[in-house]
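So the chains spell out like this:
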Amino acid sequence: MTVIATNTSAMRAANASMSASSSLSTAMERLATGKRINSAKDDAAGSAIANRMASQARSMSMAIRNANDGMSLAQTAEGAMSEVTSMLQRMKELATQSATGTLQDSDRTALQAEMSQLTSEINNVSKNTTFNGVKLLDGSQKSVKLQTGINSGETIGMAMVDSRAATLGLTAQVDAGVIVPTGPLANGDLTINGQAVAASAADAKTIAAAINATTPTSNVTATAKNVVTATVGTIAANNTLVINGTTVTMTASEKSADSLAAKINTTLKAANSTVTASTDSSGSLVLTEKDGGNITLTDTNSILSGVKDVEGSAVTMSGATAIRGSLTLEGQAGTGITIGGATPGNAGLTATSVSAVSIGSQAGASAAMAVIDAALDKISAGRGDLGAVQNRLQSTVNNLTTTTTNLSDAKSRIEDADFSTESTALAKAQILSQASTAMLAQANQSQQSVLKLLQ
């Protein structure tokens, strides 16, 4: 049948031309980008898998960086402890020298002078060794948790060593615990190494300040700290906590310990409070008074439970509850600590006397040798632990690097374009595009033969 209203051949040629143009465009896009999947329409499932693999690969790269940073931290701490080891070895040498009977007391005094300087330097190293602002050896950082995997909980813990002279037993120390005074503190109630401590309000912060005022003559320093931990329960809007007189009002946003800590910090910062909030590894709320003063807490809505003081003892909450801080006394090198006075209990302290490690006498030098040996053992064990964790972290880096490479390879097979295949597809599409265009032109001309029938 001869018709002119419908040119079927032209329609088919036009469809073939559009199909060839689409194939040509796809091949050119893949060759230009190097990707087989340039949008989800190219391969919906493949796109989802490739995106997930890309996320995992990037997270693994960051985990590798975390592990490398952990090794750097461990090397920093271990390097400082190496110097502490050298000083302890010199101190053992001095103690051995002082313990012999061929020396006079004046000779031992000179040896003790060097001993005191080395002890002070051990404290300096311990207090000043940091990594990115994190103190490593002063006892404030018990451990460091490193995120070395791409999922929650894939961590490696690194224990830090407290290498302060007092912790190593090189200086006299009294851990007075939580300061609970038995009465008003008056002048003469408390003496430290025979030096009267001025009357002051009886909390850890103010007692520490009063003792430190006598340091030039007593050679004893005091450190106060106060940390309160609690489990966070259900929080409702308009619930309140009163912390040292500042009211923290909850909103619907505070549903966890982390969000509660953020709310507390915002409110207390505006009130210029010295209390800060954070959370620990178990998800508990942690309140810290940086100077060791009391933390007075009112929990009308019973948001908190299991409240504990700085020593880990349970606190019974009743109205505005004052939670007290603890106090630690430390003698300077070669100085003992004697707590006395008329009623030291009014300051929450107990009369006691603690001898210091000293090589100023033959007997003291002999005793000091055992103390220094124990300190060396502790430092050596800590260095060994840090060395072991460095080896573990190196293995972690190696494993993550291999996994990242394999994951990237798998992602490439899904997402990347095969240039051999796409080049062939491009050539085919170009030929088909040209051929379909030519056939469309022929089909459009084919109807001209109908005119001869009309002559």
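You'll find the protein entered in an unreviewed UniProt entry as Flagellin, with Sphingomonas aurea given as the organism. Looking at the protein in UniProt, the text filed under Sequence similarities (unreviewed entry) is "Belongs to the bacterial flagellin family." Turning to the protein, the UniProt record has this under Function (unreviewed entry): "Flagellin is the subunit protein which polymerizes to form the filaments of bacterial flagella."

So, about the overall build of the protein. Counting secondary structure elements, the protein contains nine helices and 18 strands. Computed over the C-alpha atoms, the radius of gyration of the protein is 38 Å, more than 25% above the 23 Å expected from 2.2 N^0.38 for a compact globule of 455 residues. A buried classification covers 38% of the 455 residues belonging to the protein. Long-range pairs, those at least 24 residues apart, make up 69% of the contacts in the protein between residues at least 6 apart in sequence. On the protein, roughly 23,100 Å² of surface is accessible, and the fraction owed to carbon and sulfur atoms is 51%. In the protein, 31 side chains carry a positive charge and 34 a negative one; their mean positions are 12 Å apart.

Moving on, we come to the nonpolar core. Counting residues in each nonpolar core, the largest one holds 49 residues, and the members touching the most others are Leu 88 and Met 158. Within the residue set of this core, elements represented by two or more residues are α2 (44-98), α3 (105-128), β3 (143-147), β4 (155-159) and α7 (362-415). Element by element, the count of residues in this core is highest for α2, at 18 residues. If near-sequence neighbours (up to four positions away) are discounted, Met 158 is found in contact with Gly 70, Leu 73, Ala 74, Ser 143, Val 144, Leu 146, Leu 386, Val 389 and Leu 393.

With antiparallel pairing, the four strands of this open sheet are ordered in space as β7-β6-β17-β18. Of all strands in the sheet, those bounded by a partner on one side alone are β7 (195-196) and β18 (352-354). In this sheet, β7 lies alongside strand β6 (residues 191-192) in antiparallel orientation, the contact comprising two bridges. Residue pairing in the sheet places Ile 192 in a bridge with Gln 195 of β7.

To continue, consider the sheet that holds strand β10 (residues 246-249). Spatially, β10-β9-β13-β15 is the arrangement adopted by the four strands of the open sheet, whose pairing is antiparallel. At either margin of the open sheet sits one strand with a lone partner, and together these are β10 and β15 (321-323). Going across the sheet, the axis of each strand differs from the next one's by a mean of 25°, ignoring polarity. Summarising the sheet, strand β13 (residues 295-298) and β15 pair through three bridges and their orientation is antiparallel. Looking at the pairing, Thr 296 lines up with Ala 322 of β15. Seen against the sheet, helix α6 (residues 257-270) touches β9 (240-243) and β10 and runs at an angle of roughly 140° to β10.

Turning our eyes to something else, we now look at the packing of α2 against α7. In contact at an axis separation of 7 Å, α2 and α7 are set at 165° when each is read in the N-to-C sense. Comparing the axis directions of α2 and α7 gives the class roughly antiparallel. Considering the relative orientation of α2 and α7, their crossing is left-handed. Along the lines of polarity and charge, the residues of the contact of α2 with α7 split into 32 nonpolar, 19 polar and six charged.

Every buried residue of helix α4 (residues 204-212) is listed here: Ala 204, Ile 207, Ala 208, Ala 210 and Ile 211. Around the axis of α4, the buried residues are gathered within 165° of arc, so they sit on the same side. Residues of α4 that are buried sit in contact with β6, α5 (215-218), β8 (220-232) and β16 (326-331).

Opposite charge on two side chains makes pairing possible when the charged atoms of those side chains draw close. Across all of its chains, the model carries 12 salt bridges by this definition. One salt bridge connects Glu 415 with Lys 35, and the closest N-O pair in it is separated by 3.3 Å. Linking Glu 415 in helix α7 with Lys 35 in the loop between α1 (8-33) and α2, this pair joins segments that are 380 residues apart in sequence. Classification of Glu 415 as buried rests on a relative accessible area of 13%. Measuring nitrogen to oxygen at the nearest pair gives 3.6 Å for the salt bridge that ties Arg 108 to Asp 105. Placement of both Arg 108 and Asp 105 in helix α3 is noted, with a separation of three residues, approximately one turn of the helix. Classification of Asp 105 as exposed rests on a relative accessible area of 54%. One network of salt bridges, with partners in common, ties together Lys 35, Lys 411 and Glu 415.

This part covers the side chain of Asn 239. Position of Asn 239 among the secondary structure elements: in the loop between β8 and β9. A polar contact of 2.9 Å, which involves the side chain of Asn 239, links it to the backbone nitrogen of Ala 236. Aside from chain neighbours lying at most four places away, what touches Asn 239 is Thr 234, Val 248, Thr 249, Met 250, Asn 301 and Ile 303.

Our next topic: the pairing of strand β12 (residues 285-289). Each regular strand displays side chains that alternate between the two surfaces of the sheet. With respect to burial, β12 is a largely interior element, four of its five residues being buried. With five bridges connecting them, β8 and β12 associate as antiparallel partners. Paired with Val 227 across the two strands is Thr 288, which belongs to β12. In terms of strand pairing, strand β11 (residues 275-279) meets β12 through five bridges, oriented antiparallel.

Before going further, it helps to spend a moment on the packing of α1 against helix α8 (residues 419-445). It is the contact of α1 with α8, at a shortest axis distance of 8 Å, that shows an interaxial angle of 155°. The angle between α1 and α8 falls in the class roughly antiparallel. Classified by chirality, the crossing of α8 by α1 is left-handed. Taken together, the residues of the contact of α1 with α8 break down into 17 nonpolar, 10 polar and two charged.

In this model, Asn 193 sits at a positive phi of 50°, which is unusual for a non-glycine residue. Positioned with a positive phi, Asn 272 is a non-glycine residue whose angle comes to about 60°. Within the fold, Asn 272 resides in the loop between α6 and β11. Accessibility expressed as a relative area gives 70% for Asn 272, which makes it exposed.

Rules behind the numbers
- Residues numbered from 1 in each chain as written.
- Predicted model: local features only at pLDDT ≥ 70, side-chain atom pairs only at ≥ 80, totals over all residues.
- Heavy atoms only, no water.
- UniProt positions renumbered as here; feature names shortened; annotations may be inferred.
- Helix = DSSP H or I, 4+ residues; strand = E, 2+ residues; numbered from the N terminus.
- Rg over C-alpha atoms; globule rule 2.2 N^0.38 Å.
- Buried < 20%, exposed > 50% of the residue type's maximum accessible area, 1.4 Å probe, protein only.
- Contact = heavy atoms within 4.5 Å.
- Areas by Shrake-Rupley, 256 points an atom, 1.4 Å probe, with all protein chains shown as cover.
- Lys, Arg positive; Asp, Glu negative; His and termini not counted.
- Charge placed at Lys NZ, Arg CZ, Asp CG, Glu CD.
- Core = buried A, V, L, I, M, F, W, Y, C linked by side-chain atoms within 4.5 Å.
- Pairing = 2+ DSSP bridges.
- Axes fitted to C-alpha atoms, helices over the stretch in contact; angles between N-to-C directions.
- Parallel < 35°, antiparallel > 145°, perpendicular 65-115°, else oblique.
- Left-handed = near helix turned anticlockwise from the far one by under 90°.
- Nonpolar A, V, L, I, M, F, W, Y, C, P; charged D, E, K, R; others polar.
- Arc of directions from axis to C-beta.
- Salt bridge = Lys/Arg side-chain N within 4 Å of Asp/Glu carboxyl O.
- Polar contact = N/O pair within 3.5 Å; in protein donor to acceptor, adjacent residues only side chain to side chain.

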